[in-house]
Amino acid sequence: MDRITEATATEEEAHRPDDFELGAAWDEVVDEMEQRRSPVSAVVLIEPRFVRVLHMQFGRHCEVLGEQDGRARVRLAAHTPLSIAERIAGWGATVEVTESAPVRVELARIGAELTERYGRGDK
């Protein structure tokens, strides 16, 4: 509503279809907006016991797709590959990215930066 700059009243009646469900219509609008805001996704494998924590990080952008090799198969979404990589980098080998080369590239870049800074073994 905050983006409406002008409105004009008319005599035209509004008609709501008999099968219209406000909750379902709202869910569709929210889903479409979230897809526009988070067009990048990655599929990851993670132990099922960690899915809840991953879901806390990604919220509605975390969708469990099933199971593979005893691990949960999960789709994560965000606005950029870097955004996904930054949020899962701290998980280390606990999370395996199986789909999304751009996210894997960002993870490798983050890893290289950390290795360069901290990998010298300085104490």
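See the structure shown above.
I will try to describe carefully the structure that is included in this document. Small disclaimer: the values here were computed from a predicted structure and weren't measured.

1. Observations regarding the packing of aromatic side chains
Reasoning step 1: One pass over the full model with this rule turns up one aromatic pair.
Reasoning step 2: Ring geometry for Phe 50 and Trp 91: centres 5.9 Å apart, planes at 75°, overall edge-to-face. Within this pair, whereas Phe 50 is found in the loop between strand E1 (40-46) and helix H2 (51-58), its partner Trp 91 is found in the loop between helix H3 (81-88) and strand E4 (96-99), the two being separated by 41 residues in sequence.
Reasoning step 3: A relative accessible area of 16% means that Trp 91 is categorised as buried.

2. Concerning the pairing of strand E3 (residues 71-78)
Reasoning step 1: The pairing of E1 with E3 spans seven bridges and is classified as antiparallel. Paired with Ile 46 across the strands is Ala 72, a residue of E3.
Reasoning step 2: In this antiparallel pair of consecutive strands, strand E2 (residues 62-68) and E3, the connection spans two residues, and Asp 69 shows a positive phi of 55°.

3. Regarding the pattern of salt bridges
Reasoning step 1: Counted according to the given criterion, the structure contains seven salt bridges.
Reasoning step 2: For the salt bridge of Glu 63 with Arg 75, the shortest nitrogen-to-oxygen distance reads 3.9 Å. In this pair, Glu 63 sits in strand E2 while Arg 75 sits in strand E3, placing the two residues twelve residues apart along the sequence.
Reasoning step 3: Judged by its relative accessible area of 32%, Arg 75 falls in the partly exposed class.
Reasoning step 4: Note that Glu 113 is salt-bridged to Arg 109, the shortest N-O span being 2.6 Å. Placement of the pair is Glu 113 and Arg 109 together in helix H4 (residues 101-118), with a separation of four residues, close to one helical turn.

4. Looking at the side chain of Ser 83
Reasoning step 1: Within the secondary structure, Ser 83 sits in helix H3.
Reasoning step 2: At 3.3 Å, the side chain of Ser 83 and the side chain of Arg 87 are in polar contact.

5. Topic: the sheet that holds E1
Reasoning step 1: In spatial order, the strands read E2-E3-E1-E4; together these four strands make up an open sheet with antiparallel pairing. Whereas interior strands pair on both sides, the edge strands pair on one side only; in this sheet they are E2 and E4. Ignoring which end each strand starts from, the neighbouring axes of this sheet average 35° apart.
Reasoning step 2: Packing against the sheet, H2 makes contact with E1, E2 and E3, and its axis sits at approximately 5° to E3.
Reasoning step 3: Seen against the sheet, H3 touches E1, E3 and E4 and runs at an angle of roughly 135° to E3.

6. Looking at unusual backbone geometry
For residues that are not glycine, phi is negative in most cases, and the peptide bond is trans in most cases.
Reasoning step 1: Not every positive phi belongs to a glycine, and Asp 69 is a case in point at roughly 55°.
Reasoning step 2: Note on placement: Asp 69 falls in the loop between E2 and E3.
Reasoning step 3: Here Ser 100, not a glycine, exhibits a phi torsion of approximately 130°, which is positive.
Reasoning step 4: Given a relative accessible area of 15%, Ser 100 falls into the buried group.

Calculation criteria
- Residues numbered from 1 in each chain as written.
- Predicted model: local features only at pLDDT ≥ 70, side-chain atom pairs only at ≥ 80, totals over all residues.
- Heavy atoms only, no water.
- Phe/Tyr/Trp six-rings, centres within 6.5 Å; stacked < 30°, edge-to-face > 60°.
- Helix = DSSP H or I, 4+ residues; strand = E, 2+ residues; numbered from the N terminus.
- Buried < 20%, exposed > 50% of the residue type's maximum accessible area, 1.4 Å probe, protein only.
- Pairing = 2+ DSSP bridges.
- Salt bridge = Lys/Arg side-chain N within 4 Å of Asp/Glu carboxyl O.
- Polar contact = N/O pair within 3.5 Å; in protein donor to acceptor, adjacent residues only side chain to side chain.
- Axes fitted to C-alpha atoms, helices over the stretch in contact; angles between N-to-C directions.
- Contact = heavy atoms within 4.5 Å.

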